[in-house]
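Working through the structure, step by step
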Amino acid sequence: MKPKMIWANLAVADLERTQKFYKAIGCTPNNPHTSNELVSFFFGENNFVIHFFLKNILEANVKGVSFGNSQTSNEIIFTVSAETNDQVDQWASEVKKAGGTIVSEPESFGNNYYGFVFADPDGHKFNVFKM
């Protein structure tokens, strides 16, 4: 299997809230792929794409698959790399200001790691760390 591209599709409850949150933390909209059914953003230097679909639309498009409650369980957790501890702290502040939830505050762990976990307004988790 050698796919040309790979991207993520996540289920959300409110497109406007999702769009506002990801713009507020500095993500770049993938405007050609934004509609009344989804919003889409680029992440990282390689422009990884995450589409955020209304849950009922995503379930209708991927027949036979249902999505759980992202507030209490995870389908996936994304890890985002930071360059410095200060950048980790800055991102935690941006997430709070944008309306995200800090699941675990920035802290040192392991061998020279520093990071935190946050959830977007729909409960999708992101692991942010500098190593």
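Residues numbered from 1 in each chain as written. Predicted model: local features only at pLDDT ≥ 70, side-chain atom pairs only at ≥ 80, totals over all residues. Heavy atoms only, no water.

As recorded in an unreviewed UniProt entry, the chain goes by the name Glyoxalase, listed as coming from Chryseobacterium gallinarum.

As a rule of thumb, soluble globular proteins bury nonpolar side chains together. Ranked by size, the top nonpolar core spans 24 residues in total, and within it Y22, F43, F52 and F118 carry the most contacts. Taken domain by domain, the makeup of this core includes at least three residues from each of domain 1 (1–63) and domain 2 (77–130). With residues near it in sequence (within four places) discarded, F52 still touches L10, V12, L15, T18, Y22, E37, L38, V39, F41, F43 and D120. The next biggest cluster of nonpolar side chains, apart from the first, holds 6 residues, and it includes A11, F53, L58 and F67. (Core = buried A, V, L, I, M, F, W, Y, C linked by side-chain atoms within 4.5 Å. Buried < 20%, exposed > 50% of the residue type's maximum accessible area, 1.4 Å probe, protein only. Domains from an automatic or database assignment. Contact = heavy atoms within 4.5 Å.)

Another point: the sheet that holds strand β5 (residues 78–81). Through backbone hydrogen bonds, the strands of a sheet pair up, either in parallel or in antiparallel fashion. Reading across the sheet, the 4 strands line up as β5-β8-β7-β6 and stay open at both edges, with mixed pairing between neighbours. In this open sheet, the two edge strands, each paired with only one partner strand, are β5 and β6 (101–109). Across the sheet, the axes of successive neighbouring strands diverge by a mean angle of 20°, strand direction being ignored. Sheet topology places β5 next to strand β8 (residues 125–130); 4 bridges connect them, and they run parallel. Across the sheet, residue S81 finds its bridge partner in β8, namely F129. (Pairing = 2+ DSSP bridges. Helix = DSSP H or I, 4+ residues; strand = E, 2+ residues; numbered from the N terminus. Axes fitted to C-alpha atoms, helices over the stretch in contact; angles between N-to-C directions.)

Attention shifts here to the pattern of salt bridges. Counted by the stated rule, this structure contains 2 salt bridges. As a salt-bridge pair, D122 and R17 come within 2.9 Å of each other at their nearest N and O atoms. With D122 in the loop between β7 (113–119) and β8 and R17 in helix α1 (residues 15–24), this residue pair connects regions lying 105 residues apart in the sequence. With a shortest N-O distance of 3.4 Å, K96 and E105 are connected by a salt bridge. (Salt bridge = Lys/Arg side-chain N within 4 Å of Asp/Glu carboxyl O.)

Looking now at the domain arrangement of the chain. Each domain of the chain was delimited in the assignment, giving domain 1 (1–63) and domain 2 (77–130). One C-alpha centre belongs to domain 1, the other to domain 2, and the line joining them spans 20 Å. The interface is formed by 16 residues belonging to domain 1 together with 12 residues belonging to domain 2. A per-residue breakdown of the area domain 1 buries against domain 2 is headed by R17, F21 and I25, which together make up 47% of the total. Summed over the shared surface of domain 1 and domain 2, the number is 1 salt bridge. Counting across the domain 1 and domain 2 interface gives 5 residue pairs in polar contact (both at pLDDT 80 or more). Considering every element that reaches the side of domain 1 that touches domain 2, the biggest residue donor is α1, with 5 residues. Residue composition of the side of domain 1 that touches domain 2, by class: 13 nonpolar, 1 polar and 2 charged. (Buried area = accessible area lost by both parts, 1.4 Å probe. Polar contact = N/O pair within 3.5 Å; in protein donor to acceptor, adjacent residues only side chain to side chain. Nonpolar A, V, L, I, M, F, W, Y, C, P; charged D, E, K, R; others polar.)

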